[in-house]
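Take a look at the letters that make up each chain.
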Amino acid sequence: MTNGFETLAERPRGSVSRIVAVDWDTLAPEEARRLRALGIDDGVTVKLAHRGIFSGRDPLALEIGRMTIAVRRVHAEAITVEAVADTGAQPATGADAAA
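Residues numbered from 1 in each chain as written. Predicted model: local features only at pLDDT ≥ 70, side-chain atom pairs only at ≥ 80, totals over all residues. Heavy atoms only, no water.

Student: Would you take a moment to explain the pattern of salt bridges for this structure?
Tutor: When their charged atoms lie close together, side chains carrying opposite charge are able to pair. Within the structure shown, the criterion is met by 4 salt bridges. Ionic pairing is found between R11 and E6, a salt bridge with its closest N-O pair at 3.0 Å. By the burial criterion, R11 is buried, and E6 matches it. A salt bridge links E82 to R18; the nearest nitrogen and oxygen atoms lie 3.4 Å apart. Taken together, the positions of E82 in strand β6 (residues 79-83) and R18 in strand β2 (residues 16-22) put the pair 64 residues apart, joining distant regions of the chain. (Salt bridge = Lys/Arg side-chain N within 4 Å of Asp/Glu carboxyl O. Buried < 20%, exposed > 50% of the residue type's maximum accessible area, 1.4 Å probe, protein only. Helix = DSSP H or I, 4+ residues; strand = E, 2+ residues; numbered from the N terminus.)

Student: Hey, could you run me through the packing of aromatic side chains in this one?
Tutor: Where two aromatic rings form a pair, the distance of their centres and the angle of their planes describe that pair. Summed over the entire model, instances satisfying the criterion amount to 0 aromatic pairs. One residue, R36, lies across the ring of W24, its end atom 3.8 Å from the ring centre. (Phe/Tyr/Trp six-rings, centres within 6.5 Å; stacked < 30°, edge-to-face > 60°. Lys NZ or Arg CZ within 6 Å of the ring centre and 35° of its normal.)

Student: It is not clear to me how the confidence of the model for the protein should be interpreted in this structure. Could you clarify?
Tutor: For the protein, the average pLDDT comes to 87, and 84% of its residues sit at 70 or higher. The least confident element of the protein, judged by mean pLDDT, is helix α3 (residues 94-98) at 50; the most confident is β2 at 97. (pLDDT = per-residue confidence, 0-100.)

Student: Where do I start with the pairing of strand β5 (residues 67-71) in this structure?
Tutor: As a general feature of sheets, a regular strand has side chains that alternate between the two faces. Relative to β5, strand β4 (residues 60-64) is paired through 5 bridges, and the arrangement is antiparallel. Looking at the pairing, L60 lines up with V71 of β5. Where β4 folds back on β5, the antiparallel hairpin that results is connected by 2 residues, among which G65 adopts a positive phi of roughly 65°. (Pairing = 2+ DSSP bridges.)

As structure tokens, this is what we get:
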């Protein structure tokens, strides 16, 4: 962890985080498009709901608003986040938080 930031892959299960940055250059273009289409972007709040049982604890299940998506660990390592307080409510996306 540096300056309060860490990768999404480093966060504990059940933690709520705000995406600070995504290193899009480390991802293949089609992977980057898929993640953006699923709501992964700067400012979005996500909850790490589950880690897989396979080698490397793949995949990771993320809650974004009312949606649950699965991402590979390599994708989670490209996402820099900061911890936010869990209010018990559903995490809001960047667009929802701005409204």
